[in-house]
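One-letter residues, chain by chain:
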Amino acid sequence: MPTELWMQAALGGLLGLLVGSFLNVVIHRLPRMMEQQWQAEYAQWQQEQQAAPAQPDAQPPRLSLSQPRSRCPHCGHAIRWYENIPVLSYLALRGRCAQCHAAIGLRYPAVELACAALFALCASRWGITPTGAAWCLFSAALLSLALIDWDTTLLPDDITLPLLWAGLLASALQWTSVPLADAVWGAAAGYLSLWLVYWGFKLATGKEGMGYGDFKLFAALGAWFGWQALVPIILVSSVIGAVVGIALKINSRLREGGYVPFGPFLAGAGFAAMFFGPQRMLQSLLALAGL
């Protein structure tokens, strides 16, 4: 790799570490912010149903991505800036809180390193360009969605919808190789296809096989890769999801109800499509299957 590409990859990786630290906040707080909003809306609805206005219950401090400051969940120790340096602080603290010495989850440095690797790969492939920045944004959003969905079975509109619009805008600005018409049809076909599967499954079984967030995520992938990529992406994500689901069932690690969120597998197929291309990704899967 030429020196210039090494420098770009290193710069992308450094930026990825910083963004990855922020993604840890997003992954942890965004679902809780959504729950807090739902609870507030439900409390307001309850008050509206009462004949006389009730005294509002004491509400916890409003949570945001910036407030309050990050704290140890065990002892409440406010994390200082030098205890929040990506990866290095985790290593210096030996994976434990500076105050109470409770263990800090390995996921935090893992997310930072994963984001750094993704940004470095984007920078080495597309350079420090608008195209490289667009795919870095795509990577950060997809990584966040995969982990949030795995933890909570939620795919927040606050990420899926901007990701969809970003794909369309990147196509319109020619920051990706997907023509705008293909991106628009990809978004529409991605949403509609899973919407039809959802209702077909619900009418046949009376159960919900997936959530609306999956429709929006698949629509976003259609916007970024075009309608031609939808079949390879859904096939690869379905196969990977089936393999992981079977492995979890064998090891008795399926969550209650036997539900496995589909978002992480859509995200995994999205990453594969970004680096290998949808058609090559599908060919590799067929080759592994001996077809």
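Draft legend 1. Local environment of the overall build of the chain. Within the chain one finds 10 helices and 0 strands. In the chain, the succession of helices and strands from N to C terminus is α-α-α-α-α-α-α-α-α-α. Based on the C-alpha atoms only, the size of the chain along its principal axes is roughly 60 × 55 × 45 Å. Taken over 291 residues, the chain has a buried fraction of 40%. Summarising the internal contacts of the chain: among those between residues at least 6 apart in sequence, 71% fall at separations of at least 24.

Draft legend 2. View of the side chain of Ser-139. Residue position: Ser-139 is located in helix α4 (residues 130–152). The residues touching Ser-139, leaving out its near neighbours within four places in the chain, are Leu-118, Cys-122, Phe-271 and Met-274.

Draft legend 3. Expanded view of the nonpolar core. Judged by nonpolar contacts, the single largest core of 58 residues is most densely connected at Phe-138, Leu-163, Trp-224, Phe-225 and Ile-233. Put simply, the parts of the chain that give this core at least two residues each are α1 (3–49), α3 (107–126), α4, α5 (157–172), α6 (180–205), α7 (212–225), α8 (230–250) and α9 (263–276). No other element matches the 12 residues that α4 contributes to this core. Excluding residues within four positions of it along the chain, Ile-233 makes contact with Phe-218, Leu-221, Phe-225, Leu-266, Ala-269, Ala-273 and Met-281.

Draft legend 4. Summary view of the environment of Leu-173. Relative to the helices and strands, Leu-173 is located in the loop between α5 and α6. With 43 residues separating them in the primary sequence, Leu-173 and Pro-130 have C-alpha atoms 9.5 Å apart.

Draft legend 5. Highlighting the pattern of salt bridges. Across all of its chains, the model carries 4 salt bridges by this definition. Arg-107 is the partner of Asp-151 in a salt bridge, and the nearest nitrogen-oxygen pair spans 2.5 Å. Here Asp-151 is found in helix α4, whereas its partner Arg-107 is found in helix α3, with 44 residues between them in sequence. Given a relative accessible area of 40%, Asp-151 falls into the partly exposed group.

Draft legend 6. Representation of α5 in the model. Relative to the 22 Å expected for 16 residues at 1.5 Å per residue, α5 spans 22 Å between its end C-alpha atoms, a close match to the ideal helical length. Tucked inside the fold, the buried residues of α5 contact α1, α4, α6 and α7. Phi turns positive one or two residues past the end of α5, at Gln-174, with a value near 60°.

Draft legend 7. A look at α7. Its 14 residues give α7 an end-to-end C-alpha distance of 20 Å, which sits within 8% of 20 Å, the value for a rise of 1.5 Å per residue. Within α7, 13 of the 14 residues are buried, which leaves it mostly tucked inside the rest of the structure. In the stretch just after α7, Gly-226 is the one whose phi turns positive, near 90°.

Draft legend 8. Structural detail: unusual backbone geometry. Despite not being glycine, His-101 has its phi angle at roughly 65°, a positive value. Take His-101: it is sitting in the loop between α2 (88–92) and α3. A positive phi is found at Thr-153, a non-glycine position, where the angle reads about 60°. Note on placement: Thr-153 falls in the loop between α4 and α5.

Draft legend 9. Layout of the side chain of Ser-89. Structurally, Ser-89 can be placed in helix α2. Of note is the side chain of Ser-89, whose polar atom sits 2.9 Å from the backbone oxygen of Tyr-82. For Ser-89, the contacting residues outside a window of four places in its chain are Tyr-82, Glu-83 and Asn-84.

Rules used in this analysis
- Residues numbered from 1 in each chain as written.
- Predicted model: local features only at pLDDT ≥ 70, side-chain atom pairs only at ≥ 80, totals over all residues.
- Heavy atoms only, no water.
- Helix = DSSP H or I, 4+ residues; strand = E, 2+ residues; numbered from the N terminus.
- Buried < 20%, exposed > 50% of the residue type's maximum accessible area, 1.4 Å probe, protein only.
- Contact = heavy atoms within 4.5 Å.
- Core = buried A, V, L, I, M, F, W, Y, C linked by side-chain atoms within 4.5 Å.
- Salt bridge = Lys/Arg side-chain N within 4 Å of Asp/Glu carboxyl O.
- Expected span 1.5 Å × (residues − 1).
- Polar contact = N/O pair within 3.5 Å; in protein donor to acceptor, adjacent residues only side chain to side chain.

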